[in-house]
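Tertiary structure, described
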Amino acid sequence: MNALKQLVYVSEVEKDMFTSDTVTQILKVARSNNPEKGISGMLVCNFDHFLQVLEGPSDEVRHLFDKIAHDKRHKNAKVIGEKDIDEPQFDKWAMGFANTNKGIWPYADQSWATLSKQQAMEVLSFAASQSKAI
Ligand SMILES: Cc1cc2nc3c(=O)[nH]c(=O)nc-3n(C[C@H](O)[C@H](O)[C@H](O)COP(=O)(O)O)c2cc1C
């Protein structure tokens, strides 16, 4: 049996590579690739950092994270939490997305590189509350 895994990571936006289409392109590929692998999740970007949760079959999640971690559009991807789960929490989204609007976001005044797992889940849950299913 292939257990389900939830993996949460934070990474630094590679500013030299970041254009107005970067997020749109990432989401287009994610939403095309993820469903056939049984992967769902949520991505948040505050223009300094990406925070992403990936959920799905354990080996698919690990494989995708290894691929994402080598993507030149960000760097220093650091796993904040990785655990087996019974039920996915973000399965309304092949890859949901929310842009942060500094001020109303949890931990808006703190570097996301320093978020604890619990704090990261608060940010991602807040993003989920703002995001339409897609
Ligand atoms: C922050 C970030 C999040 C990403 N999330 C996903 C994702 O959820 N699914 C995905 O397939 N690719 C994602 N990518 C893109 C992958 O790094 C990679 O470019 C893509 O999967 C390549 O797809 P291909 O093998 O079909 O060419 C992400 C990239 C970045 C920078």
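Quick look at the structure, then. Every value quoted in this text rests on a predicted model; they were computed, and no experiment measured them.

Conventions adopted
- Residues numbered from 1 in each chain as written.
- Predicted model: local features only at pLDDT ≥ 70, side-chain atom pairs only at ≥ 80, totals over all residues.
- Core = buried A, V, L, I, M, F, W, Y, C linked by C-beta atoms within 7 Å.
- Buried ≥ 20, exposed ≤ 12 C-beta atoms within 10 Å, placed from the backbone.
- Helix = DSSP H or I, 4+ residues; strand = E, 2+ residues; numbered from the N terminus.
- Contact = placed C-beta atoms within 7 Å.
- Near = placed C-beta within 6 Å.
- Nonpolar A, V, L, I, M, F, W, Y, C, P; charged D, E, K, R; others polar.

Turning next to the nonpolar core. Formed by 28 residues in total, the largest nonpolar core has its most connected members in M42, L43, V44, L51, A120, V123 and L124. Only β1 (4–13), α1 (22–37), β2 (40–45), β3 (49–57), β5 (96–99) and α3 (117–130) provide two or more residues apiece to this core. Residue contacts for L43: discarding those within four places in its chain leaves F50, Q52, M95, G96 and F97.

What follows is about unusual backbone geometry. Phi is positive for F47, close to 75°, though the residue is something other than glycine. As for its placement among the helices and strands, F47 is situated in the loop between β2 and β3. With a phi close to 60°, Y107 is a non-glycine residue in the positive phi region. Mapping Y107 onto the fold places it in the loop between β5 and α3.

The subject of this paragraph is the site of the ligand. Around the ligand sit 16 residues in total, of which A30, N33, F50, D71 and R73 are the nearest. Looking at the shell around the ligand, the elements that each hand over two or more residues are α1, β2, β3 and α2 (58–69). Counting residues per element, the shell around the ligand draws most heavily on α1, which supplies five residues. Of the residues in the shell around the ligand, the class split is eight nonpolar, five polar and three charged.

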